[in-house]
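# Architecture and fold: a report
So you can see what is in the structure, the chains are spelled out below.
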Amino acid sequence: MGMGSDMYRQQILDHYKNPRNHGELADATYTHVGENPSCGDTIKVDVKLEDDGETIERVAFTGDGCAISQAAASMLTQRLPGTAISELLEMDTDDVTEMLGVDISPMRIKCAVLARQVAQDGYRIFSDDLDVDKTVTEEDF
């Protein structure tokens, strides 16, 4: 492990201990919840879109879980404002692991991608492209 890995590990711990944008948005355009049953992580994501309906204005989250899931949610809430909803929908597992900056073991990938998947599914539900009550990270990512 190099110093770069240690820096990213510290960043993950910082986001876990001091999450950014933790809370709820009273004026959210959409809200969605999800869970990772293999680890016990739960996340609720609130997204507020700008008036154009295509640009993310604000994102907040609440939840409970491991350091990876909560840090990834915190980092995602910082990354998404100002981006197009299409960019969110195009985000994949590699984008999340790159954002985290460390190698994620196969057992922890579901933890890392939970917030992204909840935000994506929430939009798909909002736009009537998906009909689920909550996201569950059962599939392979």
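Residues numbered from 1 in each chain as written. Predicted model: local features only at pLDDT ≥ 70, side-chain atom pairs only at ≥ 80, totals over all residues. Heavy atoms only, no water.

### Here's the deal with the nonpolar core
Heads up, the condition is: To define a nonpolar core, start from buried Ala, Val, Leu, Ile, Met, Phe, Trp, Tyr and Cys residues and group those joined through side-chain atoms within 4.5 Å. Per-residue accessibility, obtained with a 1.4 Å probe over protein chains only, is compared with the maximum for each type, and a residue is labelled buried under 20%, exposed over 50%, and partly exposed between these values. Where helices and strands are cited, they refer to DSSP runs of H or I of at least four residues and of E of at least two residues respectively, numbered from the N terminus. Only heavy atoms matter for contacts: two residues are in contact if any of them lie within 4.5 Å across the pair.
Among the nonpolar cores identified, the biggest contains 34 residues, and Ile56, Ile68, Leu88 and Leu100 are the most heavily contacted of them. If you list the elements that add at least two residues to this core, you get strand 2 (41–49), strand 3 (56–64), helix 2 (67–79), helix 3 (85–90), helix 4 (93–100) and helix 5 (109–126). Excluding its chain neighbours within four sequence positions, the residues that come into contact with Ile56 are Val47, Lys48, Leu49, Glu50, Leu80, Pro81, Gly82, Thr83, Ile85 and Leu88.

### A look at the environment of Lys44
The test is simple: We call two N or O atoms a polar contact when they sit within 3.5 Å, provided that within protein one can donate a hydrogen and the other can accept it, with sequence-adjacent residues counted only if both atoms are side-chain atoms.
Along the chain, Lys44 turns up in strand 2. Sequence separation of Lys44 and His32 is 12 residues, and the distance between their C-alpha atoms is 5.6 Å. What Lys44 contacts, discounting residues up to four positions off in sequence, is Glu24, Thr31, His32, Val33, Ala60, Phe61 and Thr62. In terms of polar contacts, Lys44 uses its side chain to reach the side chain of Glu24, at 2.8 Å.

### Overview of the pairing of strand 2
Stated formally: A pair of strands is treated as paired once DSSP finds two or more bridges between them.
Judged by how many residues are buried, strand 2 sits mostly within the fold: 7 of 9 residues are covered. Direction of pairing for strand 1 (residues 30–36) relative to strand 2: antiparallel, over a ladder of 7 bridges. Residue pairing for strand 2: Asn36 is matched across the bridge by Asp41. Note: strand 2 against strand 3, 8 bridges, orientation antiparallel. Its bridge partner being in strand 3, Lys48 is matched across the sheet by Arg58.

Note that all results are geometric; they support no functional claim without further evidence.
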